[in-house]
Amino acid sequence: MPGRASQLPTSRRRPAETAVSRHVARYLDHLALSAGRSANTLLAYQRDLASYIAFCTSRGITEPDKVDSQTVGEFVAGLTTAGLSPASMARALSAVKGFHRFLVWDEVTPSNPARSIKTPRLPRKLPGVLSVAHVRKLLTAVKESDPDGLRDRALLAVLYGCGLRASEVSGLLLGDVDFDEGFVRVRGKGNRERLVPFGPATAAPLTKYIDGPRLDTRLSRTPDQVFLNRLGRPLSRMSVWTIVRKAARLAGLERKVHPHTFRHSFATHLLLGGADLRSVQVMLGHQSVSTTQIYTHLDRARLAEVHRRHHPLESGPGTPPDRA
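Residues numbered from 1 in each chain as written. Predicted model: local features only at pLDDT ≥ 70, side-chain atom pairs only at ≥ 80, totals over all residues. Heavy atoms only, no water.

Draft legend 1. Summary view of the overall build of the protein chain. Within the protein chain one finds 15 helices and 3 strands. Taken over 324 residues, the protein chain has a buried fraction of 41%. Considering only residue pairs separated by 6 or more positions, the protein chain has 59% of its internal contacts joining residues 24 or more positions apart. Here the protein chain has roughly 18800 Å² of accessible surface; of this, 52% comes from carbon and sulfur atoms. (Helix = DSSP H or I, 4+ residues; strand = E, 2+ residues; numbered from the N terminus. Buried < 20%, exposed > 50% of the residue type's maximum accessible area, 1.4 Å probe, protein only. Contact = heavy atoms within 4.5 Å. Areas by Shrake-Rupley, 256 points an atom, 1.4 Å probe, with all protein chains shown as cover.)

The following block contains the structure:
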């Protein structure tokens, strides 16, 4: 039985340069310069397209206009045989489709052979959410008796109070925080900016940190980032993860807690409190409301209660009378 390497060529096989590979290099340059993709996405696309180049080469296809829908379909089938997850398959197909769209846009080929290939359906993964009680316990578990504690408490407050991603909170600049108006300016995916409001529960620890340990950081190369490490350098995303895990241990939470848990909890608690989906979408920075809708399943108990109280036939005693 042939091994996986023979079923699906990868970038390790280093195929010789072809017209396809040269155009892939141009496409990746295009993404890096103009499309606003993150570094992680670019690396993933580079790996996926390296596999695609090797696959085409193994079938004697070296020119982009020789690729047809059958070629792309066989490539996707090879991903399945190689045991890739649906998410990895969807990303690889997205890279290939984008590459061929680029070739059409650049007038290299007349049509996109990947257009008709269906993207694998991804299982809908439900986000983990903390209860309000657990959020309070986690926030108060961090003691503000030293500079690190003040910073960590402020960082956790911003994660939950504004629903930020780890990369967004680590990249937050001093000039992005407007205490007078109660807003932070956030640079999210694709370098898209959004304004997110915050209240006193976030402002108090954030002010205490910025006016205290953050102000005392007097290194010659002090950056503009809000959250700094002991050397006065910006916190990395991994440092944010470490701070969250440490706080969860201090709070005695057995479940896994990560920065995105705060983001999921932020969205869910807003919806449970009566916020509309569109407002939550804007605060999270989702381009499509369909992305935000994953949180609505968590609101079933509230919806059932609203239905019970207000439906004209299902409502119990003490509810408003029937309306004409």
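There is more to say, and it comes next.
Draft legend 2. Region of the structure containing the pattern of salt bridges. Tallying each qualifying case throughout the model produces 14 salt bridges. Ionic pairing is found between E74 and R59, a salt bridge with its closest N-O pair at 3.5 Å. On the criterion of sequence distance, the pair formed by E74 in helix α4 (residues 69-81) and R59 in the loop between α3 (39-58) and α4 is long-range, its members being 15 residues apart. With a shortest N-O distance of 2.4 Å, E168 and R165 are connected by a salt bridge. One exposure class covers both E168 and R165, and it is buried. If you follow the salt bridges from partner to partner, you end up with D148, R151, D152 and R230 in one network. (Salt bridge = Lys/Arg side-chain N within 4 Å of Asp/Glu carboxyl O.)

Draft legend 3. Representation of the environment of I61 in the model. Among the secondary structure elements, I61 is positioned in the loop between α3 and α4. In this structure the C-alpha to C-alpha distance between I61 and T18, which are 43 residues apart in sequence, comes to 8.9 Å. Beyond its immediate stretch of four places on either side in the chain, I61 contacts V20, C56, K66, V67 and T71.

Draft legend 4. Structural view of the nonpolar core. Counting 46 residues, the largest nonpolar core has L138, L156 and F227 as the members making the most contacts within it. Elements that contribute at least two residues to this core include exactly α6 (132-141), α7 (147-162), α8 (166-170), β2 (183-187), α9 (200-210), α11 (237-250), α12 (259-272) and α13 (277-284). With 6 residues, the top contributor of residues to this core is α7. Residue contacts for L156: discarding those within four places in its chain leaves L138, L139, V142, V244, A247 and F262. Of all hydrophobic cores here, the second largest spans 28 residues; its members include L42, L49, I61 and V76. (Core = buried A, V, L, I, M, F, W, Y, C linked by side-chain atoms within 4.5 Å.)

Draft legend 5. Local environment of the packing of α6 against α7. Between α6 and α7, the shortest axis-to-axis distance is 9 Å and the interhelical angle comes to 155°. As the angle between them shows, α6 and α7 are arranged roughly antiparallel. Of α7, the residues touching α6 (which contributes V135, L138 and L139) are R153, L156, A157 and Y160. Residues of the contact of α6 with α7, tallied by class, amount to 6 nonpolar, no polar and 1 charged. (Axes fitted to C-alpha atoms, helices over the stretch in contact; angles between N-to-C directions. Parallel < 35°, antiparallel > 145°, perpendicular 65-115°, else oblique. Nonpolar A, V, L, I, M, F, W, Y, C, P; charged D, E, K, R; others polar.)

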